[in-house]
Structure formats: structure tokens, C-alpha cells
Amino acid sequence: MERNVLPSMASDDGAIQSAIRAGMGLVTPIPITTPDGGTAYIVPDGFSLEKLPPLLPPLTGIKATPRMDDAESFVNYINRYKTGASVIFADLKTNLMTAIIDYHNGSTSNQAPEAGKDTLGKPDYTTHRVAHPCPWTIEWARWRAVDGQNIKQAELAVLLEEMLHTIAAPEGGALLEIAAELKVEREVKFKQGTKLADGTVSIGYEESDQTSTKSGKITVPDLITIVCPVFQGGEVRQFQARLRYKVDRGELTFKIAIMNRQSGEQAAFQDVVRAVSEATGQPVFYGAP
């Protein structure tokens, strides 16, 4: 009896592989969009995955943190990019203002809700920010540097001459005379002063040489009125500064004490914040983001 013999697996293996390769050659590569915006293709030759990088990365949110050196530029930037959700933070400790353009939507947002969907409370990236550090004016920075510091009479003379344009009282002519008197170098011993009726202080001194002793006096103001802007672009503010003196072993030194400086600076900062809020129409929160 004859029996049918199955062809061996080895003899058919080459034909099967050839058929598979022929079938793969007929398959069209299938493009697949990857999560990062690129494209991947399943290539028939071995069905490997070949990935092509995206031409440009996808933009899902703006990331920018510029700094503006003056309030006007800060306002202009906010007005250019603001949305109904934009907010401004003002830090009273550092005098730093930070506007977050893409802040989270809140219950007071004026952005129109999406069709059929409420966007109130919808989070955002908060990566589009602009900062304004509210720098001191050159004049106010100079006054702050000497506030509470001991200075010699020659240093006081230079200060009064340099800052004459920011002093409302005493008047300029009298102040220049005082500065000129302070600049004179003397080998003298100073004595305790006397406060005069006009608010000045008369400080006596003795100048001695081998043959004689001469006495004299210098007069300095007890109170100085400073008028200058605190912050760049801010309004002019007025401060009172007391000029105190000290005589130690015949040597004369002075100390300037600006009255209510910290509260005045805070008020000046709040004025800038208020002006920015009014110019942009955006809410302000005192604190840090």
C-alpha cells in the first residue's frame, strides 16, 4: 500500500520565508503621529519602527520671564499680552512687582467660557511672567546710603553740595555757605553746640598755636527737608531728616537720621502699584507668587 509522505519542514522553509518577504513588500508604510508632534513609520523591511523628529516642537504654553526697568515699560508689556485671568503680585518686602500673564482662571475672570464648558477655575501654566523690581532713584539711593551712618564734617560738606538739588530747606545759598565752612580743614578742638532759635546749631571750637588761642563757631542746620522721587518713574515725595552731631575728644562727627523712612518708602511703593493697576486694569495682590 502506498503512503502519502508530507514534504519536510526543512524543504519548505525557504519557500515560506520568500512568500513572507514578498507579502511584506506589498505593505504600504503606515505613518503614526507621536505625542511630541513627530512622525513614526512602520517600515515593511522587517517591520521596524523608524521615527522622524518633529520639525518644530509643539507649543503648549508661553514660557517667558522678562524684566522691565521702569514702570511704563512694565505697564506696556502687560497691556500687550494680558488676558482676563492675568494678575499682578506686589511684594512689600522687596519692592518687586510680578505680573503673571497666564494665571489660573478665577471666578472673576472675564474670559468667555468655552462652548458648553465652564472654564472658571481652569488651571494654566503660569510660565509667562514679567517682573519690575522698582529700582531706587539715584538721588534716593544716595540718601539711603548715609541714613544712620556717622560721617565726618568734610564728608557732610560734599554730601550737601552734591544733593543740593534735592534739599528744599535750608535754602540753597545758606546751605552752600554751611558746606564751605565745613570743608575748611582746621586743627581744632570742638565744643558742645547750642541750638539757636532759627533751628540751627552753633558748634564752638578752639584753635591753638604756640602763641595764641582763637575761638570760633560753625553753624549747621538741625533739620533738612529732602524732596525727590523714591522710585524711578515715581512721584516726588518729601522727607524730614535730622542732622545730629557728636563731639568726642574734640573731634566732630555727624549722623543723618531720615524720619519715617521705611513707612515713606512703603507708601511710595504702594503709589507705584496703584498706578500700574489703574493703567493695566489688572488686579493686584500684595505678596509673592
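Scroll up a little and you will see the structure.
Residues numbered from 1 in each chain as written. Predicted model: local features only at pLDDT ≥ 70, side-chain atom pairs only at ≥ 80, totals over all residues. Heavy atoms only, no water.

### Comments concerning the packing of aromatic side chains
The following threshold applies: A pair of Phe, Tyr and Trp rings is counted when the ring centres sit within 6.5 Å of each other, with Trp represented by its six-membered ring. The angle between the planes then sorts it: under 30 degrees is stacked, over 60 is edge-to-face, the rest tilted. A helix here means a DSSP run of H or I that spans at least four residues, while a strand means a run of E at least two residues long, and both kinds are numbered starting from the N terminus. Three labels apply to residues, based on accessible area from a 1.4 Å probe with only protein chains included: buried if under 20% of the type maximum, exposed if over 50%, partly exposed otherwise in between.
Counting across every chain of the model gives six aromatic pairs. Judged by centre distance (4.9 Å) and plane angle (15°), the ring pair of Trp136 and Phe231 falls under stacked. With Trp136 in the loop between β6 (129–132) and α3 (138–146) and Phe231 in the loop between β12 (223–229) and β13 (236–248), the pair connects residues that are 95 residues apart, well separated along the chain. A relative accessible area of 2% places Phe231 in the buried class.

### Notes on α3
Where we set the bar: The arc in question is the one traced by the directions running from the helix axis out to the C-beta atoms. By the convention used here, residues are in contact when the closest approach between their heavy atoms is within 4.5 Å.
All of the buried residues along α3 are Trp140, Trp143 and Val146. Buried residues of α3, viewed axially, fall in a sector of 130°; they line one side. Exposed residues on α3 whose side chains face more than 90 degrees from its buried face are Ile138 and Ala145. For α3, the elements touching its buried residues are α4 (153–162), β8 (167–169), β12, β13, β14 (251–258) and α6 (261–280). The positive-phi residue at the C-terminal boundary of α3 is Gly148, with phi of around 80°.

### What about the side chain of Ser86?
Just so we agree on the cut-off: Definition of a polar contact: a pair of N or O atoms within 3.5 Å, with one able to donate and the other able to accept a hydrogen when the atoms are protein atoms, and with sequence-neighbouring residues admitted only if both atoms are side-chain atoms.
Mapped onto the elements, Ser86 comes out in the loop between α2 (71–81) and β4 (87–91). Look at Ser86 and you get buried, because its relative accessible area is 3%. At a separation of 2.9 Å, a polar atom in the side chain of Ser86 contacts the main-chain amide nitrogen of Thr83. Beyond its immediate chain neighbours, meaning those up to four positions away, Ser86 contacts Ile100, Ile101, Gln282 and Pro283.

### A short note on the sheet that holds β6
Defined as follows: Two strands qualify as a pair provided DSSP detects at least 2 bridges between them. To get an axis, fit a line to the C-alpha atoms, keeping to the stretch in contact for a helix; angles then go from 0 to 180 degrees between the N-to-C directions.
As summarised here, the arrangement of the four strands in space is β6-β5-β4-β15, forming an open sheet in which the pairing is mixed. Each edge of the open sheet is held by one strand with a lone partner, namely β6 and β15 (284–286). Going from strand to strand, the sheet's axes swing by 20° on average, the running direction of each strand aside. Relative to β6, strand β5 (residues 96–100) runs antiparallel, the two sharing four bridges. Bridge pairing links Thr98 to Ala131 in β6. Along the sheet face, α2 touches β4, β5 and β6 and points at about 165° away from the line of β6.

### Some thoughts on the pattern of salt bridges
To keep things clear, this is the line we draw: Salt bridge criterion: a side-chain nitrogen from Lys or Arg within 4 Å of a carboxyl oxygen from Asp or Glu.
Here the structure, examined in full by the defined rule, presents eight salt bridges. One salt bridge in this structure joins Arg142 and Glu162, with 2.9 Å as the shortest N-O distance. Taken together, the positions of Arg142 in helix α3 and Glu162 in helix α4 put the pair 20 residues apart, joining distant regions of the chain. Since its relative accessible area comes to 42%, Glu162 is described here as partly exposed. For Asp271, the salt bridge identified is with Arg237, shortest N-O distance 2.8 Å. Taken together, the residues Asp271 in helix α6 and Arg237 in strand β13 connect sequence positions 34 residues apart. Residue Asp271 is classed as partly exposed on the basis of its relative accessible area, which comes to 31%.

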